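In case you want the letters, here they are:
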Amino acid sequence: HAKELGRNNYQFFTEALNMKVQERLALENSLRKALEREEFMLYYQPQVDLKTGEIKGVEALIRWNSPERGLISPGVFIPIAEETGLIVPMGEWILRSACIQSLKWRQPGYPGLRMSVNISARQFREPQFIEKVAEVIKETGMDPQWLEIEITESIAMEYAEDSMEQLRRLKQLGVRIAIDDFGTGYSSMNYLRKLPIDTLKVDQSFVQDIGIDENGEAIVVTIIHLAQSLNLKVIAEGVETENQQIFLRTNRCHEMQGYLFCKPVPPVEVEKYLHMGNSSKVK
Ligand code: C2E
Ligand code: MG
Ligand code: MG
Ligand code: MG
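The present account deals with the structure reproduced in this document. (Residues numbered from 1 in each chain as written. Chains lettered and ligands numbered in written order. Predicted model: local features only at pLDDT ≥ 70, side-chain atom pairs only at ≥ 80, totals over all residues. Heavy atoms only, no water.)

Notes on a nonpolar patch on the surface
Now for step 1: Side chains of Leu-17, Val-21 and Leu-25 sit close together on the surface and give an oily, nonpolar patch of about 250 Å² of accessible area.
Now for step 2: Position of Val-21 relative to the elements: it lies in helix 1 (residues 2–34).
Now for step 3: By relative accessible area, Val-21 is classed as partly exposed at 42%. (Patch = residues over 30% accessible without salt bridge, like charges linked within 9 Å, V, L, I, M, F, W, Y side chains within 5 Å. Areas by Shrake-Rupley, 256 points an atom, 1.4 Å probe, with all protein chains shown as cover. Salt bridge = Lys/Arg side-chain N within 4 Å of Asp/Glu carboxyl O. Helix = DSSP H or I, 4+ residues; strand = E, 2+ residues; numbered from the N terminus. Buried < 20%, exposed > 50% of the residue type's maximum accessible area, 1.4 Å probe, protein only.)

So, the packing of helix 3 (residues 87–104) against helix 5 (residues 129–140)
The angle between the axes and the distance between the axes are what describe a pair of packed helices.
Now for step 1: Where helix 3 meets helix 5, the axes come as close as 10 Å, and the angle between the chain directions of the two elements is 30°. As helix 3 runs across helix 5, the sense of the crossing is right-handed. Between helix 3 and helix 5, the contacting residues are Val-88, Glu-92, Leu-95, Arg-96, Cys-99, Ile-100 and Leu-103 on the first element and Lys-132, Val-133, Glu-135, Val-136, Glu-139 and Thr-140 on the second.
Now for step 2: Its residues assigned to classes, the contact of helix 3 with helix 5 comprises 7 nonpolar, 1 polar and 5 charged. (Axes fitted to C-alpha atoms, helices over the stretch in contact; angles between N-to-C directions. Left-handed = near helix turned anticlockwise from the far one by under 90°. Contact = heavy atoms within 4.5 Å. Nonpolar A, V, L, I, M, F, W, Y, C, P; charged D, E, K, R; others polar.)

Observations regarding the coordination of the magnesium ion (ligand 3)
Now for step 1: Around the magnesium ion (ligand 3), the donor atoms from the protein are Asp-180 (OD), Asp-181 (OD), Glu-237 (OE) and Glu-237 (OE), and they sit 2.0 to 2.4 Å away.
Now for step 2: Between the magnesium ion (ligand 3) and the magnesium ion (ligand 2), both coordinated by Asp-180, there is a metal-metal distance of 4.1 Å. With a gap of 56 residues between them, Asp-181 in strand 6 (residues 176–182) and Glu-237 in the loop between strand 8 (233–236) and helix 11 (242–250) connect regions that are remote in the sequence. (Donors = N, O, S within 2.8 Å, 3.2 Å for Na, K, Ca; no water.)

Observations regarding the pattern of salt bridges
Now for step 1: Taken as a whole and judged by the stated rule, the model has 21 salt bridges.
Now for step 2: Linking Glu-139 and Arg-96 is a salt bridge whose minimum nitrogen-to-oxygen distance equals 2.7 Å. With Glu-139 in helix 5 and Arg-96 in helix 3, this pair connects stretches of sequence that are 43 residues apart.
Now for step 3: Notably, a salt bridge pairs Lys-233 with Glu-255, separated by 3.6 Å at the nearest N-O pair. Placement of the pair is Lys-233 in strand 8 and Glu-255 in strand 9 (residues 255–256), with a sequence separation of 22 residues.
Now for step 4: Through salt bridges with shared partners, one network takes in Glu-92, Arg-96, Glu-126, Lys-132 and Glu-139.

A look at empty space enclosed by the protein
Now for step 1: Taken as a whole and assessed by the stated rule, the structure comprises 2 cavities of 30 Å³ or more.
Now for step 2: Reported here for the largest cavity is a volume of approximately 100 Å³.
Now for step 3: The wall of the largest cavity is formed by Val-88, Gly-91, Glu-92, Leu-95, Ile-119, Gln-123, Glu-126, Phe-129, Lys-132, Val-133 and Val-136.
Now for step 4: Residue assignment for the lining of the largest cavity shows that the elements contributing at least two residues are helix 3 and helix 5.
Now for step 5: Classifying every residue of the lining of the largest cavity by side-chain character gives 6 nonpolar, 2 polar and 3 charged.
Now for step 6: Within this model, the second largest cavity holds a volume of roughly 40 Å³. (1 Å grid on protein atoms, 1.4 Å probe; cavity = no way out; pocket = protein on both sides within 12 Å on 5 of 7 lines; lining within 4 Å. Points joined across faces, edges and corners; volume = space filled by probe spheres on them.)

Observations regarding the side chain of Ser-163
Now for step 1: Summarising the element assignment, Ser-163 is placed in helix 7 (residues 160–172).
Now for step 2: Of note is the side chain of Ser-163, whose polar atom sits 3.2 Å from the side chain of Arg-125.
Now for step 3: Aside from chain neighbours lying at most four places away, what touches Ser-163 is Phe-124, Arg-125, Ile-155, Ala-156, Glu-158 and Tyr-191. (Polar contact = N/O pair within 3.5 Å; in protein donor to acceptor, adjacent residues only side chain to side chain.)

Focus on the layout of surface pockets
Now for step 1: The space that makes up the largest pocket amounts to roughly 960 Å³.
Now for step 2: Forming the boundary of the largest pocket are 37 residues, of which Glu-59, Leu-61, Pro-74, Asn-118 and Asp-180 lie nearest the centre.
Now for step 3: Taken together, the elements giving at least two residues each to the lining of the largest pocket come down to strand 1 (40–49), strand 2 (55–66), helix 2 (74–84), helix 3, helix 4 (121–125), strand 5 (147–152), helix 6 (153–157) and strand 6.
Now for step 4: The greatest single-element share of the lining of the largest pocket, amounting to 5 residues, is contributed by strand 2.
Now for step 5: Per-class residue counts for the lining of the largest pocket are 14 nonpolar, 13 polar and 10 charged.

Listed below in structure tokens is the structure:
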């Protein structure tokens, strides 16, 4: 009967919803414990000079290996960490760990490497953010000119006045600033040119259009030109094919990162490249 069916549907719906809520709560709880249980690791992805093939920097990317759940992607847990505010202590741990790792790589025979660290919206807006970055730099002895802070284009463009002020204060610490996922937000060119930034990162969605979609290609070229006319470094993300690499080099993009050269890897794997004295250059 209709009535019964309705009730069954309703029951089914609430059970499914309950499951979702339960799952979500359980995930939140595991996430809360993960920091103290030391379940997080930073992986690093090399950023390679398209002209010389040298590794110029690495981007730190967090990995969570939960004993109960296995490997969980940051695309899943970073948004939860943002919503719960856990991103604040987690973000501080990320920054500190990346600085400590960077100092371990400042050795004779190793090339100078930029260390790029992603910062999420909530972290960036937190009142104590700048003070915390300053504190981590001081406590670890990190040389700020080798530290690059990545903020997505959307974060930089939202609350433009406040973001500008926050970026200026950040810049005063002597760090570099990169705009991540560039091309996916809604930049005002007038605002962009006033930002105290050093690098534009071409979003991987456009890079993956190379050889496939002319409009995507046009966007890649436009971003490269924009970066060059603003005297910014330009890095292409998500480079997976030779063809993309050739296109980027031909169009004078400065650097690339992507599976073609190297996935994000644990520190020891990065060291293999560094030991080779950067002789493992891309063709
Ligand atoms: P993102 O900062 O734009 O990082 C680039 C993402 O592209 C990474 O995914 C990286 O593993 C992936 N990638 C690199 N090369 C290729 C490629 O050739 N092809 C493809 N398809 N993908 C490639 P990941 O590590 O899963 O991170 C996803 C996002 O999660 C990041 O995007 C960033 O927004 C966030 N995230 C990761 N680690 C951190 C962190 O330590 N702190 C914060 N706040 N966010 C992080
Ligand atoms: Mg990034
Ligand atoms: Mg990106
Ligand atoms: Mg992204």
